[in-house]
Amino acid sequence: MGQGPGYTQGCALGRTRACLALCALAFVMTLPALCGVWGMVGDAAVHLRWQAQFAPLVWRGEPFPRWLPTMNGAMGSPSFFYYPPLLQWGGALFLPILPDPTQAPQRLVLSVWLIASLGAVGCFGWLRAHRLEARLAALGAAVFVLWPYRAFFDFYQRAALAELAGISLMPWLLMFATWLRDRRRGGFAGYALSVGTILYCHVPSALIGLLLSSAWLAIAAWPRDARLLARGVGASLVGLMIGAPCVATALGLLGLLHTPEFSERNNPLNWLLFSGRPWVDPAMYQMTIVLVLLGTGLGVLLYVPVARATASKHRREAAILLGACILVAVLNTEASRWFWRLQTPLSRIQFPFRLFGVQTIVLAGLVAIAATEIAKRKPRSAWLLWGLIPALLLVDLGLVGVQALRQASKDLPGIAEILAEPGDSSEYVLGPYLGLPGPIDGAILRGAGEVRSYRLGYRNVRMIVDARSPVVVALHQFSFTGWSCRTDGGPWIEPAHSPRPSAMATCTVPEGRHRVEARLEATGLERAAWLAAMAGLVLVIAGLVLGRRHGARHRWDRATLA
């Protein structure tokens, strides 16, 4: 007997409920931070200072603020010529209801919740794409939300918020890679958009996620499906085009930062277990060894019921996931030192423990597959795996409680103190700024004259100069590629650079009273990157249209929706 419309509607309702429950679970994990438990640790301070300036610029009509003009003692910062903006965009969404600068923590926490919810839904979709039951796919996605590396270590201990966002996008790569394999309409476009979007989250996570999904596609294509590989490569290239505004400037302007690429802290060779060397951060050592042992042990246990099943449809997938879990563990130990010395692209992730994002995803998949196989033989026993949800929740909240107690014993700065700090992250400080005179009193570097007014905007400066002789005027913004200036509405010219160590952009002004303007123009690299992104979006739309006309549309077997 065929299934009626009510059956399909019921399945859709079940999926909707599952996704809403996952979003609620993600909110539970961010609730302590909304209540003030989230301490000013790790990268939190710099993210908060960025949010306090980034969000207002977005609402003033600058959709992608790259230059933060009042950072570094109002000398400016090129932060978002290099750093992906998605986390800050998410926080900016809440500026109308949380407008005060001191509410930047709440805006960022809500941004984390939105992105974590998106990741949970993506993980659910990935597992459903493997035709697992909705309730078991929801179980796996719940493990993805609650696994301690994401839920506690990245969020509450390290405040590695951009990495957390990047991990949340990884399941979408795997979901659309599965769609590509199944020739499902939207697979090419979805994979390309996922590649592009994760580049706006966190570049190391994007590299890890792309390697993971590419390896999965290569295994799925083996040994004869070269077309699948071609579709995957093509979608990846289109995704790189979409992400070009982030990646192109970060790579093309890297030389302007004048910072070493790898410090002792950022060298992966200094973060390997069992090396006999003390770690820079002992807390990270404890985290890594616990996750290596716990993740590998749980992965092996989850694979056992799959291996014992006589006719499992998911044994191959489970074996691949277990292999990935073991590989992550090995790459975090001294046994992998030879690999990290090769300086492959993966060495650019800086910390081997960032691979725990992969561990989080593969354990979610193993939980769902193991529950599926157990349910076939002993339906009641499968409910035991649901105990992972309260167990992980208790572990996460217990760790948050311990973190709160530890922070209560320390004299940590408050949000007002953090926002009052004028400096950016060290790599984005282009010169000294503390102790410099103000833009009016100290603007004349050579010659005789005065600055009568000074107005600093986004990527622009305006001032009135009374010069008794030709003068060199400091723009009171760090010299950076793209600055140009003009006097009295004349032609734009490239400004000179004041001698180090001030590192300010300057402008020569003739004798007399003049209106001086300066602007940080979009570089040729920026313009080319935006053109590439628009071309990539056009290709995505073209792929959707062609897929609708000529592609073989995937249809679910209704029996899998029960």
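Keep in mind it's a predicted model, so treat the numbers as computed, not measured.

## Concerning the overall build of the protein chain
Okay, step 1: Within the protein chain one finds 21 helices and eight strands.
Okay, step 2: Relative to the globule expectation of 24 Å for 562 residues, the C-alpha radius of gyration of the protein chain, 26 Å, shows essentially globular dimensions.
Okay, step 3: Considering only C-alpha atoms, the protein chain reaches an extent of 95 × 60 × 50 Å along its principal axes.
Okay, step 4: Counting all 562 residues of the protein chain, 52% fall into the buried class.

## Things to note about the packing of aromatic side chains
The way to describe two aromatic rings as a pair is by their centre distance and the angle between their planes.
Okay, step 1: Under the counting rule described, the total for this entry stands at 27 aromatic pairs.
Okay, step 2: With a centroid separation of 5.2 Å and an interplanar angle of 5°, the aromatic rings of F351 and F353 are classed as stacked.
Okay, step 3: For F351, a relative accessible area of 8% puts it in the buried group.
Okay, step 4: Among the aromatic residues, those joined into a ring-pair cluster are W50, F54, F80, Y82, Y83 and Y428.
Okay, step 5: Positioned above the aromatic ring of F144, the side-chain terminus of R150 is 4.8 Å from the ring centre.
Okay, step 6: Across the ring face of W179, the terminal group of R184 is positioned such that the distance to the ring centre comes to 3.9 Å.

## Description of the sheet that holds strand β8 (residues 512-520)
Okay, step 1: Reading across from one edge, β2-β3-β8-β5 is the order of the four strands in this open sheet, with antiparallel pairing throughout. The outermost strands of the open sheet, each flanked by one partner alone, are β2 (449-457) and β5 (483-487). The sheet shows a mean angle of 15° between the axes of neighbouring strands, taken without regard to direction.
Okay, step 2: As defined by bridge partners, β5 adjoins β8 across five bridges and the pair is classed as antiparallel.

## Quick notes on the nonpolar core
Okay, step 1: Grouped together as the largest cluster of nonpolar side chains are 121 residues, with contacts concentrated most on F124, Y149, Y191 and W340.
Okay, step 2: Here Y191 is in contact with L173, F176, A177, L180, L210, S213, S214, L217, G232, A235 and S236, once residues within four sequence places are set aside.
Okay, step 3: In terms of nonpolar packing, the next biggest core, distinct from the first, is built from 46 residues, Y83, Y454, A474 and L475 among them.

## Section: the environment of F351
Okay, step 1: Summarising the element assignment, F351 is placed in the loop between α16 (337-340) and α17 (356-377).
Okay, step 2: Here the alpha-carbon distance between F351 and N332, two residues 19 residues apart in the chain, equals 8.9 Å.
Okay, step 3: Not counting residues within four places of it along the chain, the set of residues in contact with F351 comprises R158, R265, N266 and W271.

## Considering the packing of helix α10 (residues 187-199) against helix α12 (residues 226-242)
Okay, step 1: At their nearest, the axes of α10 and α12 sit 7 Å apart, and the two run at 40° to each other. Taken together, the axis directions place α10 and α12 in an arrangement best described as oblique. Read as a crossing pair, α10 and α12 show a hand that is right-handed. Note on element contacts: α12 touches α10 through R231, G232, G234, A235, S236, V238, G239, L240 and I242, opposite F188, Y191, A192, L193, V195, G196 and L199.
Okay, step 2: Of the residues that constitute the contact of α10 with α12, the class distribution is 10 nonpolar, five polar and one charged.

## Structural notes on the pattern of salt bridges
Okay, step 1: Per the stated rule, a full pass over the model turns up 17 salt bridges.
Okay, step 2: E163 is paired through a salt bridge with R354; the nearest N and O atoms lie 3.1 Å apart. Note that E163 is positioned in helix α9 (residues 161-181) and R354 in the loop between α16 and α17, a separation of 191 residues in sequence. An identical accessibility class is assigned to E163 and R354; each is buried.
Okay, step 3: Members of the salt-bridge network, linked through shared partners, are E450, R452, D466, R468 and R513.

## Considering the confidence of the model for the protein chain
Fine structural detail should not be taken from predicted coordinates in areas where pLDDT scores are low.
Okay, step 1: Within the protein chain, residue pLDDT values average 87, and 91% of them lie at 70 or more.
Okay, step 2: Averaged pLDDT values for the elements of the protein chain fall to 62 in strand β6 (residues 496-497) and rise to 96 in helix α5 (residues 86-92).
Okay, step 3: Note on residues 1-10: pLDDT is under 50 here. Beyond four places in sequence and across chains, it has six contacts.
Okay, step 4: Low pLDDT, under 50, characterises residues 551-562; the stretch is placed with 30 contacts to residues that sit more than four places away or in other chains.

## What about helix α8 (residues 148-157)?
Okay, step 1: Buried residues dominate α8, accounting for 10 of its 10 residues.
Okay, step 2: Those residues of α8 lying buried are P148, Y149, R150, A151, F152, F153, D154, F155, Y156 and Q157.
Okay, step 3: A159 occupies a position one or two residues after α8 and carries a positive phi of about 50°.

## Brief notes about the environment of H476
Okay, step 1: Mapped onto the secondary structure, H476 falls in strand β4 (residues 471-478).
Okay, step 2: The exposure class assigned to H476 is buried, which follows from its relative accessible area of 8%.
Okay, step 3: Not counting chain neighbours up to four residues away, the residues in contact with H476 comprise G73, A74, M75, P437, G438, P439, Y454, M504 and A505.

## Describing the side chain of T333
Okay, step 1: Along the chain, T333 turns up in the loop between α15 (315-330) and α16.
Okay, step 2: If we ignore the near neighbours within four places in the chain, the residues touching T333 are L272, L273 and F274.

## What about a nonpolar patch on the surface?
Okay, step 1: A cluster of nonpolar side chains, V233, L237 and L240, forms an exposed patch at the surface whose accessible area comes to about 260 Å².
Okay, step 2: Position of L240 relative to the elements: it lies in helix α12.

## Describing the pairing of strand β3 (residues 460-467)
Okay, step 1: In terms of strand pairing, β2 meets β3 through eight bridges, oriented antiparallel. Following the sheet pairing, Y454 is matched in β3 by M463.
Okay, step 2: Strand direction decides the pairing type here: β3 and β8, joined by eight bridges, are antiparallel. By the bridge assignment for β8, I464 is matched with R515.

Conventions adopted
Residues numbered from 1 in each chain as written. Predicted model: local features only at pLDDT ≥ 70, side-chain atom pairs only at ≥ 80, totals over all residues. Heavy atoms only, no water. Helix = DSSP H or I, 4+ residues; strand = E, 2+ residues; numbered from the N terminus. Rg over C-alpha atoms; globule rule 2.2 N^0.38 Å. Buried < 20%, exposed > 50% of the residue type's maximum accessible area, 1.4 Å probe, protein only. Phe/Tyr/Trp six-rings, centres within 6.5 Å; stacked < 30°, edge-to-face > 60°. Lys NZ or Arg CZ within 6 Å of the ring centre and 35° of its normal. Pairing = 2+ DSSP bridges. Axes fitted to C-alpha atoms, helices over the stretch in contact; angles between N-to-C directions. Core = buried A, V, L, I, M, F, W, Y, C linked by side-chain atoms within 4.5 Å. Contact = heavy atoms within 4.5 Å. Parallel < 35°, antiparallel > 145°, perpendicular 65-115°, else oblique. Left-handed = near helix turned anticlockwise from the far one by under 90°. Nonpolar A, V, L, I, M, F, W, Y, C, P; charged D, E, K, R; others polar. Salt bridge = Lys/Arg side-chain N within 4 Å of Asp/Glu carboxyl O. pLDDT = per-residue confidence, 0-100. Patch = residues over 30% accessible without salt bridge, like charges linked within 9 Å, V, L, I, M, F, W, Y side chains within 5 Å. Areas by Shrake-Rupley, 256 points an atom, 1.4 Å probe, with all protein chains shown as cover.

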